[in-house]
Amino acid sequence: MAGKLIADILEHSTAGSLDTSYVVNGSLKASFSVNQTANTTPLSSHNIASLVDTGTGQTTYNLTNAFSSANEHSAVLSGNDASTWYYYTLYNFTSSAATTAVGTGAHDVDRLSILANGDLA
Amino acid sequence: MQTPDFKGTPVFDRLCWAKENLEPHQSDYRVVYEDKLDECAKILVPDPNWLSCALHGGILPPVWVYHELAKDEATEGFTKHTRGYLLHETEPMPAMTEEQAIEYLILKDCPQSVVETWNEGNRPTMVICRKEQLPQTREWRNAWRISDKLAAA
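Please read these numbers as outputs of a predicted model, since none were measured by experiment.

A. The interface of chain A and chain B, seen in detail. Taken together, the contact pairs 29 residues of chain A with 29 residues of chain B. Per element, the largest residue contribution to the side of chain A that touches chain B is eight residues, and it comes from strand E5 (residues 48-55) of chain A. Where E5 of chain A lies against strand E2 (residues 42-46) of chain B, four bridges are found, and the strand directions are antiparallel. Each residue of the ladder has a partner; that of leucine 51 of chain A, found in E2 of chain B, is valine 45 of chain B.

Next comes the structure, spelled out in structure tokens:
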């Protein structure tokens, strides 16, 4: 049987207390990793409905549970091949989607990873 | 496995449950579409965890909920979603077949302009295919287009 802990505050004996909303709001809300060189094959994900192969080095992700606004949708990402790391950028932000592109020229990578956080709708 | 009664449960919590309890399902289907004349064809790939939710049923909200939220976001002066409760409190979708799930995903994630006009031109601007039917290498990826040989339905 699964355990369940319901609490609004966590309190340490000496280090003070923490509202559990910090834990909930600070948790990762969406993530995925994908192999762009294999026609955008998803490797792992959470809260992702679909990925769109938008072109060389470009992947759009669509969320299942959108953020409360585009401004709340903050994400970091990285892309790498076996031995090279690539600088990526994100654009076309909405509350439920964004598109990645390689910062220095078009290139598909073996592994593109994204982590996103913010308040959900 | 029986899905808990998720009506009223935040969608994010349902996804956490699904991640723990359902096996991801890799689809062989791909949706190819063209939404801009001067851009290459886009290829929509269903997420394996999302697809397992769709096949299992009782987890995902109806697609009209996403359309309502998109309408809100397109409204001038939009700052923040205030109808997020639609995602969480609407009766979840029952189990779908893989084909129904792909149709749902087209309605959710393909541009509305493509969904509404894909068969109105000389050739279709949206095609559902199997991944084996796509080019097997990424050569000239930014020049990929839907074949002129396909007739619109």
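B. Examining the nonpolar core more closely. One finds Ile48, Leu51 and Tyr61 of chain A together with Val31, Tyr33, Leu44 and Ala54 of chain B to be the most contacted residues of the largest nonpolar core, which totals 48 residues. Those residues in contact with tyrosine 61 of chain A that sit more than four places away from it in its chain are Phe32, Ile48, Leu51, Ala97, Ala98 and Ile114 of chain A.

C. Here's a closer look at the sheet that holds strand E1 (residues 29-33) of chain B. Here we have seven strands laid out as an open sheet, ordered E9(A)-E10(A)-E6(A)-E5(A)-E2(B)-E1(B)-E3(B), and antiparallel in their pairing. Every interior strand has two partners, whereas the edge strands, strand E9 (88-91) of chain A together with strand E3 (126-130) of chain B, have only one. Taken over all neighbouring pairs, the strand axes of this sheet differ in orientation by 25° on average, direction set aside. As paired strands, E1 of chain B and E2 of chain B are joined by three bridges and run antiparallel to one another. Paired with valine 31 of chain B across the strands is leucine 44 of chain B, a residue of E2 of chain B.

D. Region of the structure containing helix H1 (residues 11-21) of chain B. Within H1 of chain B, the full set of buried residues consists of Val11, Phe12, Arg14, Leu15 and Ala18 of chain B. Along the axis of H1 of chain B, the buried residues cluster in a sector spanning 155°; they form a single face. Of the surrounding secondary structure, the elements contacted by the buried residues of H1 of chain B are strand E4 (41-46) of chain A together with helix H2 (48-56) and helix H4 (85-89) of chain B.

E. Structural detail: the sheet that holds strand E3 (residues 30-35) of chain A. Residues and elements named next belong to chain A. The strand order across the open sheet built from five strands is E4-E3-E11-E7-E8, with neighbouring strands paired in antiparallel fashion. The open sheet has two edge strands, E4 and strand E8 (85-86), and neither has a second partner. Bridge count for E3 against strand E11 (residues 111-117) is five bridges, and the pairing is antiparallel. Note on E11: the bridge partner recorded for alanine 30 is alanine 116.

F. The arrangement of the packing of H2 of chain B against helix H5 (residues 98-109) of chain B in detail. Residues and elements named next belong to chain B. Running from N to C, H2 and H5 cross one another at 120°; their axes reach a closest spacing of 9 Å. Viewed along their axes, H2 and H5 adopt a mutual orientation that is oblique. Note that H2 runs across H5; the crossing there is right-handed. On H5, the residues touching Leu51, Ala54 and Leu55 of H2 are Glu98, Ala101 and Tyr104. Residues belonging to the contact of H2 with H5 are distributed by class as follows: five nonpolar, no polar and one charged.

G. Focus on the pairing of E2 of chain B. Of all five residues that make up E2 of chain B, five are buried, and the element is covered over most of its length. Residues of E2 of chain B alternate between two faces, with Lys42, Leu44 and Pro46 of chain B on one and Ile43 and Val45 of chain B on the opposite face, all of them buried.

H. Expanded view of the pairing of E9 of chain A. Residue and element names in this part refer to chain A. For E9 and strand E10 (residues 97-102), the ladder comprises four bridges, and the chain directions are antiparallel. If you follow leucine 90 over to E10, its bridge partner there is threonine 100. The antiparallel pairing of E9 with E10 creates a hairpin that spans five residues between the two strands, and asparagine 92 there sits at a positive phi of about 55°.

What counts and what doesn't
- Per chain, residues are indexed from 1 in the order of the written sequence.
- As they are written, the chains are lettered A onward and the ligands numbered 1 onward, keeping that order.
- With pLDDT at 70 or above as the cut-off, local features in this predicted model cover only qualifying residues; side-chain atom pairs require 80 or more to be listed or tallied, and sums for whole chains, interfaces and linings still use all residues.
- Distance between backbone-placed C-beta atoms decides contact: two residues are in contact if it is within 7 Å.
- By definition, any uninterrupted DSSP run of H or I lasting at least four residues is a helix, any uninterrupted run of E lasting at least two residues is a strand, and each is numbered from the N terminus.
- Here, strands pair whenever DSSP counts at least two bridges between them.
- By our criterion, buried Ala, Val, Leu, Ile, Met, Phe, Trp, Tyr and Cys residues that link up through C-beta atoms within 7 Å make up a nonpolar core.
- Working definition of burial: number of other C-beta atoms within 10 Å of the residue's own, with buried at 20 or more, exposed at 12 or fewer, and partly exposed in between, all C-beta atoms being placed from the backbone.
- Fitted lines through C-alpha atoms serve as axes, helices being fitted only where they are in contact, and the angles separating the N-to-C directions of these axes extend from 0 to 180 degrees.
- Along the arc lie the directions from the helix axis toward the C-beta atoms.
- An angle counts as roughly parallel when it lies under 35 degrees, as roughly antiparallel when it exceeds 145, as roughly perpendicular when it falls between 65 and 115, and as oblique in every other case.
- Take the far helix as your reference; a near helix turned counterclockwise from it by less than a right angle gives a left-handed crossing, and one turned clockwise gives a right-handed crossing.
- In this classification, the charged set is Asp, Glu, Lys and Arg, the nonpolar set is Ala, Val, Leu, Ile, Met, Phe, Trp, Tyr, Cys and Pro, and all remaining amino acids, among them Gly, are polar.

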